[in-house]
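# Analysis of the macromolecular model
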Amino acid sequence: MMNSLTTALEFRGVTKGFSLPNSNDTQVAINDVNFNVRPGEFVAIVGPSGCGKSTILNMTAGLYQPSSGEVYVSGQQVTNPNSHVGFMLQKDLLLPWRTIVGNVEFGLEARGMGKDERRDVALSELKRCHLEDFANHYPYQLSGGMRQRAALARTLAINPDIILLDEPFSALDAQTKLLLQQNFGETIQSTGVTTLLITHDLSEAVFMADRILVLSERPATVIEEIIVELPDRGNLLARRKSPKASEYISRLFELLKLEARTL
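Residues numbered from 1 in each chain as written. Predicted model: local features only at pLDDT ≥ 70, side-chain atom pairs only at ≥ 80, totals over all residues. Heavy atoms only, no water.

In terms of helices and strands, the protein chain carries eight helices and ten strands. In terms of overall dimensions, the protein chain has a C-alpha envelope of 55 × 45 × 40 Å along the principal axes. In the protein chain, the proportion of contacts linking residues at least 24 apart, taken out of those at least 6 apart, comes to 68%. Here the protein chain displays about 12600 Å² of accessible surface, and carbon together with sulfur accounts for 50% of that area. Of note, the protein chain has its 26 positive side-chain charges centred 3 Å away from the centre of its 30 negative side-chain charges. (Helix = DSSP H or I, 4+ residues; strand = E, 2+ residues; numbered from the N terminus. Contact = heavy atoms within 4.5 Å. Areas by Shrake-Rupley, 256 points an atom, 1.4 Å probe, with all protein chains shown as cover. Lys, Arg positive; Asp, Glu negative; His and termini not counted. Charge placed at Lys NZ, Arg CZ, Asp CG, Glu CD.)

See the structure below:
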């Protein structure tokens, strides 16, 4: 087990069950899950549909508490909603009545940061995400990919210890998805922020992550950990061209098919 001072996120023997409606029974989503994520590392989680990937993100954010076991972020046990975690979903959830810069400022405003300071931070993050020319636009004036970049800027603005990405590219067309994966990869690497991604896209996991955790069918546990040894993850094109990438993708398919045969 890693020392907490060198661990951004740690799950220690975590099990989570949910009570079934109109029943005394409990459905176990994840069972005895153990893993850790180092500061600055980008880890992807893959597994069969409905296996509990989102449960892991929600527990990291403190939205759920373990039935047993412990979750730690930056060495502190997570016992309630965690303000040190940034969460990005499939939908950008931008407020339509606010400008883009106003949306990026929102989290800072909620934390009591002064007007001038939060505007400076928001504009800096929009520049990092290549959106500085659209600061005074409204969400409806931006493409889907640009809105997701604005959502990333909003997430980075609060300076989170960890960013949680829940299928952030799944609603986009193929071309936009590739461009946004490249943009996110570059931006996240430039910040050095720890990142946890869940995805059904096995190639996305390989192209973007330093390490991949493979989950079993529900109740999920970690069945394999794959260290991705590819070119710098800020360079998606180089990663896609690497012959080793297809080997990693093939291995993920084998693991998931193996799990399917045990149903």
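What follows continues from the structure just given.
The six strands lie next to each other as β6-β7-β8-β3-β9-β10, forming an open sheet whose pairing is mixed. Each edge of the open sheet is held by one strand with a lone partner, namely β6 (85–88) and β10 (222–227). Taking the axes of each pair of neighbouring strands and ignoring which way they run, one obtains an average angle of 15° across the sheet. One ladder, built from four bridges, connects strand β3 (residues 42–46) with strand β8 (residues 194–198); its direction is parallel. The residue of β8 that forms the bridge with A44 is L197. Sheet strands touched by helix α1 (residues 53–60): β3, β6, β7 (162–166), β8 and β9 (211–215). Its angle to β8, the strand with the most contacts, is close to 150°. (Pairing = 2+ DSSP bridges. Axes fitted to C-alpha atoms, helices over the stretch in contact; angles between N-to-C directions.)

Our focus in this paragraph is the packing of helix α4 (residues 144–157) against helix α5 (residues 174–191). The geometry of α4 relative to α5 is characterised by a closest axis approach of 10 Å and an angle of 15° between their N-to-C directions. With respect to each other, α4 and α5 are oriented roughly parallel. Considering the relative orientation of α4 and α5, their crossing is right-handed. Here G145, Q148, R149, L152 and L156 of α4 lie close against α5, whose contacting residues are T176, L180, N183, F184, T187 and T191. Classifying every residue of the contact of α4 with α5 gives four nonpolar, six polar and one charged. (Parallel < 35°, antiparallel > 145°, perpendicular 65-115°, else oblique. Left-handed = near helix turned anticlockwise from the far one by under 90°. Nonpolar A, V, L, I, M, F, W, Y, C, P; charged D, E, K, R; others polar.)

Another point: the pairing of strand β4 (residues 68–73). In the sheet, strand β1 (residues 9–19) pairs with β4 via five bridges, with the strands oriented antiparallel. Of the residues in β4, the one forming a bridge with F11 is V71. The sheet contact formed by β4 and strand β5 (residues 76–77) spans two bridges and is antiparallel. By the bridge assignment, V73 is partnered in β5 with Q76. The loop that links β4 with its antiparallel partner β5 comprises two residues; one of these, S74, has a positive phi angle of about 50°.

Per the counting criterion, the structure on display carries three aromatic pairs. A ring pair is formed by F169 and F184, whose centres lie 5.0 Å apart and whose planes are at 75°; its orientation type is edge-to-face. Of the two residues, F169 is situated in the loop between β7 and α5 and F184 in helix α5; the sequence distance between them amounts to 15 residues. F184 gets classed as buried once you look at its relative accessible area, which sits at 0%. Stacked on the ring of Y72, the Lys or Arg R12 has its end atom at 4.0 Å from the ring centre. Note that K16 overlies the ring of F18, its terminal NZ or CZ placed 5.2 Å from the centroid. (Phe/Tyr/Trp six-rings, centres within 6.5 Å; stacked < 30°, edge-to-face > 60°. Buried < 20%, exposed > 50% of the residue type's maximum accessible area, 1.4 Å probe, protein only. Lys NZ or Arg CZ within 6 Å of the ring centre and 35° of its normal.)

Turning to α1, a few remarks are in order. For α1, the tally of buried residues reaches seven of eight residues, placing the bulk of the element in the interior. Listing the buried residues of α1 in full gives K53, T55, I56, L57, N58, M59 and T60. Once α1 finishes, G62 follows within two positions and takes phi at roughly 80°, a positive value.

Mean pLDDT over the protein chain: 88, with 96% of residues reaching 70 or higher. Within the model, the stretch residues 259–263 combines pLDDT values under 50 with four contacts to residues more than four positions away or in other chains. (pLDDT = per-residue confidence, 0-100.)

Moving on, we come to the packing of helix α2 (residues 100–110) against helix α3 (residues 115–128). Running from N to C, α2 and α3 point in directions that differ by 125°, and their axes come no closer than 9 Å. When the axes of α2 and α3 are compared, the pair comes out oblique. Along this stretch, α2 crosses α3, giving a crossing that reads as right-handed. Along its contact with α2, which presents I100, V101, V104, E105, L108 and E109, the element α3 presents K115, R118, R119, V121, A122, L123 and L126.

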